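One letter stands for each residue in the lines below.
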Amino acid sequence: MALSTGWNRRSFLGSVATLAASVVGPRGPTAGTRSPAEPKPTGGFGASGNVYEELGVTAVINCQGTMTMLGGSLPHPEIQSVMEQASRHFVSIPELEAAAGKRIAAMLKLPQGYSALVTSGAAAAIQSGLAGVLTGDNETLIRQLPDLSGMKSEVIIQKSHRNPFDHQLRSTGVKLVEIETRDQLRRTISDRTAMMHFSNFANPNGQIKVDEWVKLAKQYNIASMNDAAADTPPVSHLWDYVNLGYDLVTFSGGKAIAGPQCAGLLLGREDLVGYALLNNSPYEDTIGRSQKVGKEEIVAMIKALEIHLGEDQEALAREWQQRLETIAHEIGKVPGVSTSYFTPPVANHVPHMNITWDQKRILLTAQDASRQLRAGKPSIAMGGGKEGSEGRPGLVMNSFQLQPGEDKIVSEQMVRLFRAHSA
Ligand SMILES: *Cc1c(COP(=O)(O)O)cnc(C)c1O
C-alpha cells in the first residue's frame, strides 16, 4: 500500500520545499489558435465524427456559461496534444504533481512558500485542502478521516456563504459553524476551529468581506480557505487571494480556464498543499482516493493555464459583448421585446444580457421560453424563470461559451419563439 511506504511522500514535501516561486513561467500563445481536428476512428464508435449523435444524446448550444451539468467549458484544443504526450509514458504521480505544482506556482508568480496541486476539480481541492489542514502529514490521522478523534473538528463559515459545495467540507467529518457578525466570529473561534472558509462568489452577501476574513483568520492563527472555483475572469484572481494571505484557494480547471473537465487547482501554502496530496489519490486508504487525477489532466492543467494567462481578456470581453449585441439587434425587431446588459460582480464575471418582453404582446412565461428553447432543435440552454436567471425576470444569457455561428442560430430560434407567441 502506497501510504505505508512513506518515502515518496517525504520526497514530495522535500521537493515542494525547494520551490523557486520567483521563476517566471513562459506565457502561452494567444487565444483562438486552433489545432487541426483530431483524426477520427475509421470504424466502430466515433467513426461518424459525432459521438453524441451516435449515442442519441443532444448537443446543446450553451448560453448559460460554465455549468458542470452541461460539461463545463470546451477545453482549448491545444491541450489535447499535451494530454496525448502524457498518455504515452508511466511516471510517478507524486513526482509529477510536485513538478506541476512548482511550474504552476511559478507561472502565477505566487509568493515564496506557496505551491499548487492539480486536483480532480475545485470540489476535490476543497475536500483535500481541508483534510490536509486536519491531518498534517500524520499517517494515522490520514487513514482515520472522517473520524476526527484527536483532530480539530469545526470550520467557521458565514451563514450567507453556505452552498452545495460545502458538502466537500462536511465530508471530512467537520461541523460547519455558521456566523454572521464579527462578534459572533470572535466568540465562535476556539481550539476546535480547524479552518475559516470563504465562498468567493458570496463576497457581496456576507458582513465580513474577502480581505477582512483572511485578516481575522491570521489574527487568530487559523487556516483560511477561499473557494474561487468559477471566479476567473479576471485572471488576476488566480493570485489575488493568495496575495491577500489566504492559506488555500481553489479553482475549477474545467470552467473559464478551459482546461480538462475533471481537473481543478488547489493553490496555497506549500506545507498545506503537500498535506492535501497525502490525503488524495494516488495514496490509498485516504479520504481523497476517489478523487483520482490522471497524468494527462495534470499536464493539461499547465497548458490550459499558460493559454489562459496569455489571453487578452479585454478583447474577449468585447467580443462576448458584441455577440450579445448582435442577438439583441435581431430579437429587438420583435414588437415588445427589450434587452439590457449586466456583468455579475464576482463569479461568471462576463457580459450577460437580460431579455424581457411585454407579457400582453407575447404570451409566454420566462420558464416556458427557457423550456422551449431547450426542447428545440438545435437545443439552446438559457436561464429563465426560477433557474439560472440571477433572480431577474425574463431570460438571462451570456455568450462566452458560444461557438462560432451559434449567435446567429440563437437569435433565429428566439425570434421564431417570440413570433409564435405574439398576440
Ligand atoms: C463549480 C464550483 C465548484 C466545484 O468545482 P468543480 O471543478 O466542478 O469540482 C465549487 N465551488 C463553486 C463555487 C463552484 O462554482
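Residues numbered from 1 in each chain as written. Predicted model: local features only at pLDDT ≥ 70, side-chain atom pairs only at ≥ 80, totals over all residues. Heavy atoms only, no water.

Quick notes on the side chain of Asp231
And step 1. Within the secondary structure, Asp231 is located in the loop between strand E6 (223-227) and helix H11 (237-244).
And step 2. It turns out Asp231 is buried and unbridged, and the closest side chain with the opposite charge, Lys255, is 7.7 Å from it.
And step 3. A polar side-chain atom of Asp231 sits 2.9 Å from a polar atom in the side chain of Asn200.
And step 4. For Asp231, the residues in contact, after removing those within four places along its chain, are Asn200, Phe201, His237, Val346 and Ala347. (Helix = DSSP H or I, 4+ residues; strand = E, 2+ residues; numbered from the N terminus. Buried < 20%, exposed > 50% of the residue type's maximum accessible area, 1.4 Å probe, protein only. Lys, Arg positive; Asp, Glu negative; His and termini not counted. Salt bridge = Lys/Arg side-chain N within 4 Å of Asp/Glu carboxyl O. Polar contact = N/O pair within 3.5 Å; in protein donor to acceptor, adjacent residues only side chain to side chain. Contact = heavy atoms within 4.5 Å.)

Describing the site of the ligand
And step 1. In the vicinity of the ligand, the contacting residues are Thr68, Gly121, Ala122, Ala123, Phe165, Phe201, Asp227, Ala229, Ala230, Ser252 and Lys255.
And step 2. One of the backbone N or O atoms of Ala123 is found 2.9 Å from an oxygen atom in the ligand.
And step 3. Separating an oxygen atom of the ligand from a side-chain N or O atom of Lys255 is a distance of 2.8 Å.
And step 4. Notes on the ligand: free accessible area 380 Å², of which the protein chains cover 83%. (Near = heavy atom within 4 Å. Areas by Shrake-Rupley, 256 points an atom, 1.4 Å probe, with all protein chains shown as cover.)

With respect to the packing of helix H14 (residues 313-331) against helix H16 (residues 406-420)
And step 1. Closest axis-to-axis distance for the H14/H16 pair is 9 Å, and the angle between their directions is 25 degrees. In terms of orientation, H14 lies roughly parallel with respect to H16. Viewed along their axes, H14 and H16 form a crossing whose handedness is right-handed. Along the contact surface, H14 presents Arg323, Ile327, Glu330 and Ile331, while H16 presents Asp407, Val410, Ser411, Met414 and Val415.
And step 2. For the contact of H14 with H16, the residue count by class is five nonpolar, one polar and three charged. (Axes fitted to C-alpha atoms, helices over the stretch in contact; angles between N-to-C directions. Parallel < 35°, antiparallel > 145°, perpendicular 65-115°, else oblique. Left-handed = near helix turned anticlockwise from the far one by under 90°. Nonpolar A, V, L, I, M, F, W, Y, C, P; charged D, E, K, R; others polar.)

As for a nonpolar patch on the surface
And step 1. Taken together, the side chains of Phe45, Val51, Tyr52, Leu55 and Val57 present a nonpolar region at the surface, about 500 Å² in accessible area.
And step 2. Tracing the sequence through the fold places Tyr52 in helix H3 (residues 51-55). (Patch = residues over 30% accessible without salt bridge, like charges linked within 9 Å, V, L, I, M, F, W, Y side chains within 5 Å.)

Observations concerning the domain arrangement of the protein chain
And step 1. Its domain assignment divides the protein chain into domain 1 (90-310) and domain 2 (313-420).
And step 2. Computed over C-alpha atoms, the centres of domain 1 and domain 2 are 34 Å apart.
And step 3. Contact residues are listed per partner, giving eleven residues for domain 1 and eight residues for domain 2.
And step 4. A combined buried area of about 670 Å² lies between domain 1 and domain 2, and 70% of that area is made up of carbon and sulfur atoms.
And step 5. The largest contributions to the domain 1 side of the interface with domain 2 come from Phe201, Ala230 and Pro233, which together make up 49% of the buried area.
And step 6. The tally of links from domain 1 across to domain 2 stands at zero salt bridges.
And step 7. At the boundary of domain 1 and domain 2, one finds zero residue pairs in polar contact (both at pLDDT 80 or more).
And step 8. The residue makeup of the side of domain 1 that touches domain 2, split by class, is seven nonpolar, three polar and one charged. (Domains from an automatic or database assignment. Buried area = accessible area lost by both parts, 1.4 Å probe.)

Notes on the confidence of the model for the protein chain
And step 1. Confidence in the prediction of the protein chain, expressed as mean pLDDT, is 90, and 91% of residues score 70 or more.
And step 2. Taken as a whole, residues 1-36 scores under 50 in pLDDT and shows 71 contacts with residues more than four places along the chain or in a different chain. (pLDDT = per-residue confidence, 0-100.)

Observations regarding the side chain of Asn226
And step 1. Within the secondary structure, Asn226 sits in strand E6.
And step 2. Residue classification places Asn226 among the buried positions, given a relative accessible area of 0%.

Observations regarding the sheet that holds strand E13 (residues 395-398)
And step 1. If you trace the four strands from one edge of the open sheet to the other, you get E9-E10-E13-E12, paired in antiparallel fashion. Bordering the open sheet on either side are strand E9 (337-342) and strand E12 (383-384), each of which pairs with just one other strand.
And step 2. Of the strand pairs in this sheet, strand E10 (residues 352-357) and E13 are connected by four bridges, and their pairing is antiparallel. Across the sheet, the residue bridging to Met353 is Met397, located in E13. (Pairing = 2+ DSSP bridges.)

Structural notes on the nonpolar core
And step 1. Ile104, Leu185, Met196, Trp213, Leu265 and Leu267 are the most contacted members of the largest nonpolar core, which has 47 residues in total.
And step 2. By residue number, the principal contributor to this core is helix H13 (residues 295-310), which donates eight residues.
And step 3. Ignoring any residue separated from it by four or fewer positions in sequence, one finds Leu265 in contact with Ile104, Leu117, Val118, Thr119, Ala125, Leu238, Val249, Thr250, Phe251, Met301 and Leu305. (Core = buried A, V, L, I, M, F, W, Y, C linked by side-chain atoms within 4.5 Å.)

Considering the environment of Glu154
And step 1. Here Glu154 lies in strand E3 (residues 154-158).
And step 2. Overall, the relative accessible area of 8% leaves Glu154 in the buried class.
And step 3. Distance in space between the C-alpha atoms of Glu154 and Ala223 is 12 Å, their sequence separation being 69 residues.
And step 4. If we skip the residues at most four places from it in the chain, Glu154 touches Lys175, Val177, Thr188, Ser190, Arg192, Thr193, Ala194 and Met195.
And step 5. A distance of 2.9 Å separates the side chain of Glu154 from the side chain of Arg192, its partner in a polar contact.

Focus: H11
Because each turn of an α-helix spans 3.6 residues, side chains separated by three or four positions end up pointing in the same direction.
And step 1. If you check which residues of H11 are buried, you get His237, Leu238, Tyr241 and Val242. Take H11 and look down its axis: the buried residues cluster within an arc of 135 degrees, on one side only.
And step 2. Buried-residue contacts for H11 involve strand E2 (114-119), helix H10 (210-219), E6, strand E7 (248-252), strand E8 (264-269) and H13.
And step 3. Immediately beyond the C-terminal end of H11, within one or two residues, lies Gly245, with a positive phi of roughly 115 degrees. (Arc of directions from axis to C-beta.)

A closer look at the packing of aromatic side chains
And step 1. Scanning the model with the defined rule gives four aromatic pairs in all.
And step 2. Geometrically, the ring pair formed by Trp320 and Phe400 is edge-to-face, given 5.5 Å between the ring centres and 65 degrees between the ring planes. You can see Trp320 sitting in helix H14 and its partner Phe400 sitting in the loop between E13 and H16, a full 80 residues away along the chain. Pair check on accessibility: Trp320 and Phe400 agree, each one buried.
And step 3. Aromatic ring contacts, followed pair by pair, group Phe198, Trp213 and Tyr246 into a single cluster. (Phe/Tyr/Trp six-rings, centres within 6.5 Å; stacked < 30°, edge-to-face > 60°.)

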